[in-house]
Amino acid sequence: IVDEWGTWFSAEPGTNPGFLYQQNTIRDAMVAAITLNIFHKHAERVHMANIAQTVNVLQAMILTDGEKMVKTPSYHVFDLYKVHQDAERIESHGAASETITYTVSKQADTLHLSICNFAVSGSEAISFDFETAIQGIKEACYIVGDKMNAHNDFDHPEDVVIQSFEDYTTNNSQLTINIPAMSVLTISLAV
């Protein structure tokens, strides 16, 4: 059991430092994706893991102010990764640099692949060879930042949102993806 994982940075200026309010950015999304990939790859040992906070504190999923609410980049990572819940983890090996982490699961006739490219610049091509032929792409979505401190706030609640992803090719049982820097992607393949 992993209790209270997540980022802990300085509290936002002008807020009560004891309340640990911090702006959630694409950097936090990278940390969430890397951490979830590690937990998923070690699911036989990690039976439970809790992000430290969910609302307004540390690496929060949502930020609130009175009646206002905004979804953070970390929220979107959790949304992208929910496809792995109750799915079977699949051993996988893709050729990638040290700025790429990923995990794969299978549920019925669908493979779910989640990838994080935490490089600060440049995209990277990565290829996966699966044991069965790819029948098609069911869905491919990602979040990406134009800078590491890209974020959503009450004045700009949709600067970082889940978008459709199309920079991939399939060839029989191979999938090649060109994943941009500072992005988290989940792609679901029919097999």
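Residues numbered from 1 in each chain as written. Predicted model: local features only at pLDDT ≥ 70, side-chain atom pairs only at ≥ 80, totals over all residues. Heavy atoms only, no water.

## A closer look at the pairing of strand S6 (residues 100–107)
Within S6, 6 of the 8 residues are buried, which leaves it mostly tucked inside the rest of the structure. Of the pairings in the sheet, the one linking strand S5 (residues 88–90) to S6 comprises 3 bridges and is antiparallel in character. Across the sheet, residue Ile-90 finds its bridge partner in S6, namely Val-104. Relative to strand S7 (residues 110–117), S6 is paired through 8 bridges, and the arrangement is antiparallel. Note that in S7 the partner of Ser-105 across the bridge is His-112. What sits between the antiparallel neighbours S6 and S7 is a turn of 2 residues, in which Ala-108 has the positive phi angle 55°. (Buried < 20%, exposed > 50% of the residue type's maximum accessible area, 1.4 Å probe, protein only. Helix = DSSP H or I, 4+ residues; strand = E, 2+ residues; numbered from the N terminus. Pairing = 2+ DSSP bridges.)

## Brief notes about helix H1 (residues 26–41)
The end-to-end C-alpha separation of H1 is 22 Å, in line with the 22 Å expected for 16 residues at 1.5 Å each. Listing the buried residues of H1 in full gives Ile-26, Asp-28, Ala-29, Met-30, Ala-32, Ala-33, Thr-35, Leu-36, Asn-37, Phe-39 and His-40. The N-cap of H1, judged by a side-chain oxygen 3.1 Å from the amide nitrogen of Arg-27 a few residues on, is Thr-25. (Expected span 1.5 Å × (residues − 1). Polar contact = N/O pair within 3.5 Å; in protein donor to acceptor, adjacent residues only side chain to side chain.)

## Concerning the side chain of Thr-99
Positionally, Thr-99 belongs in the loop between S5 and S6. For Thr-99, a relative accessible area of 19% gives the class buried. Engagement of the side chain of Thr-99 in a polar contact is seen with the side chain of Asn-117, the distance being 3.4 Å. Leave out the neighbours within four places in its chain, and Thr-99 touches Cys-116, Asn-117, Phe-118, Ala-119 and Glu-124. (Contact = heavy atoms within 4.5 Å.)

Remember, this is a structural readout, not a statement about activity or role.
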